[in-house]
Amino acid sequence: MIEIHAVTIDAADPYEIATWWSKATGLPLGEGDQPGDDEIMLRTEQDPFLLFIRVPEGKTVKNRVHLDVNGTEGRTRDEEVERLIGLGATVHDDRRQPDGSGWVTMLDPEGNEFCVCRSQAEREAQG
């Protein structure tokens, strides 16, 4: 058996993109992490945590692994998409369906894909 310790995301500027994800998720940066560091952590209550590491090459193709997220604090999927756009994300592929199902694939400021899914309340309401 193995335990997942961290989800690691390559970055041109780990501090900048980790700060963006901190605003998006509400997770705090690792203690002592600062601009210029080659590794920046977003702390979670338990493993896995998010780790952003500096790499020399830029993103060139679709992610093979990505995060699926949904709104909290009563926000719907659509409200969460708008909030994330306000933080600097962009819509990459809108897969929302007329019946309310589906998701939105977005790009963070460094171009990493992630999907915004319906909230738990939305899934329960649709049945």
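To be clear, the structure that these remarks concern was listed above.
All values derive from a computational prediction rather than experimental measurement. (Residues numbered from 1 in each chain as written. Predicted model: local features only at pLDDT ≥ 70, side-chain atom pairs only at ≥ 80, totals over all residues. Heavy atoms only, no water.)

## Some thoughts on the nonpolar core
To be explicit about the condition: What makes a nonpolar core is a set of buried Ala, Val, Leu, Ile, Met, Phe, Trp, Tyr and Cys residues whose side-chain atoms join them at distances within 4.5 Å. To sort residues, take the accessible area from a 1.4 Å probe on protein chains only and compare it with the maximum for the residue type: under 20% means buried, over 50% means exposed, and anything in between is partly exposed. Helix numbering and strand numbering both begin at the N terminus, where a helix is a DSSP run of H or I of at least 4 residues and a strand a DSSP run of E of at least 2.
The biggest cluster of nonpolar side chains holds 18 residues, and the ones touching the most others in it are Trp 20, Trp 21, Phe 52, Leu 84, Met 106 and Phe 114. Residue assignment for this core shows that the elements contributing at least two residues are strand 1 (6-11), helix 1 (14-25), strand 2 (39-42), strand 3 (49-54), helix 2 (77-87), strand 6 (104-107) and strand 7 (113-117). When residues of this core are assigned to their parent elements, the largest contribution, 5 residues, is made by helix 1.

## Some points on the pairing of strand 2
A regular strand carries its side chains on alternate faces of the sheet. Put simply, the rule reads: In this analysis, strands are considered paired if DSSP registers two or more bridges between them.
Here strand 2 shows a buried face lined by Ile 40 and Leu 42 and an unburied face lined by Glu 39 and Met 41. The pairing of strand 2 with strand 3 spans 4 bridges and is antiparallel. Residue Ile 40 lies in a different strand from strand 3, and its bridge partner there is Phe 52.

## Here's the deal with the packing of aromatic side chains
What counts, and what does not: Each Phe, Tyr or Trp ring, with Trp reduced to its six-membered ring, pairs with another whose centre is within 6.5 Å; inter-plane angles below 30 degrees give stacked pairs, above 60 give edge-to-face pairs, and intermediate values give tilted ones.
Enumeration according to the criterion identifies 3 aromatic pairs in this entry. Geometrically, the ring pair formed by Trp 20 and Trp 21 is edge-to-face, given 5.1 Å between the ring centres and 85 degrees between the ring planes. Residue class for Trp 20 comes out buried when judged on its relative accessible area of 6%. Classification of Trp 21 by relative accessible area gives buried; the value is 4%. Feature note: the residues Trp 20, Trp 21 and Phe 114 constitute an aromatic cluster, connected by ring pairs.

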